[in-house]
Amino acid sequence: MASWYGTDIFMEKYQEKENIGGYLSYSENEISRCIFYSRGEKPKVIGTMDFDQTFEIENAKTNLNERELTKTEFELFEIRKMH
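Here the residue numbers are simple positions, counted from 1 along each chain's written sequence. Given that this is a predicted model, residues contribute local features only at a pLDDT of at least 70 and side-chain atom pairs are listed and counted only at 80 or more, while totals for whole chains, interfaces and linings are drawn from all residues. Heavy atoms throughout the structure, all of them, feed into the side-chain values; hydrogens and water do not.

Caption draft 1: Here's a closer look at the sheet that holds strand 3 (residues 45-51). A pair of strands is labelled paired if DSSP reports no fewer than 2 bridges between them. Numbering of helices and strands runs from the N terminus, with a helix taken as a DSSP run of H or I at least four residues long and a strand as a DSSP run of E at least two residues long. In spatial order, the strands read 1-2-3-4; together these 4 strands make up an open sheet with antiparallel pairing. Each edge of the open sheet is held by one strand with a lone partner, namely strand 1 (20-28) and strand 4 (61-63). Strand-to-strand twist in this sheet, taken as the mean axis angle between neighbours without regard to direction, amounts to 15 degrees. When strand 1 meets strand 2 (residues 31-38), the two strands line up antiparallel, connected through 8 bridges. Across the sheet, Leu24 pairs through a bridge with Ile35, a residue of strand 2. Contacts from helix 1 (residues 2-13) reach strand 1, strand 2, strand 3 and strand 4, with the element oriented near 130 degrees to strand 3. Should any heavy atoms of two residues lie within 4.5 Å, those residues are considered in contact. Only the stretch in contact is used when fitting a helix axis, every axis being a line fitted to C-alpha atoms; angles between N-to-C directions are given from 0 to 180 degrees. Sitting on the sheet, helix 2 (residues 71-82) touches strand 1, strand 2 and strand 3, and the angle it makes with strand 1 is about 120 degrees.

Caption draft 2: Spotlight on the environment of Gly47. Mapped onto the secondary structure, Gly47 falls in strand 3. Between the C-alpha atoms of Gly47 and Tyr23, which are 24 residues apart in sequence, the distance is 9.1 Å.

Pasting the structure below:
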């Protein structure tokens, strides 16, 4: 659900589509998170969408500020690269 809704929200709000390298979704505590990362050898998070347990889009929190991947996100990114 986080990937599905997160992609819809991100694609509507993010303008630099050529910069998108991929996405990851994961759960942490009560939050389901979908992140999009940039292309390149050292990707950065370029969008984060957080969902509560209801997955209601109006409750989603969107952040388009660029940031480093967290340790968990980097590990998931490395796993994705292997496949």
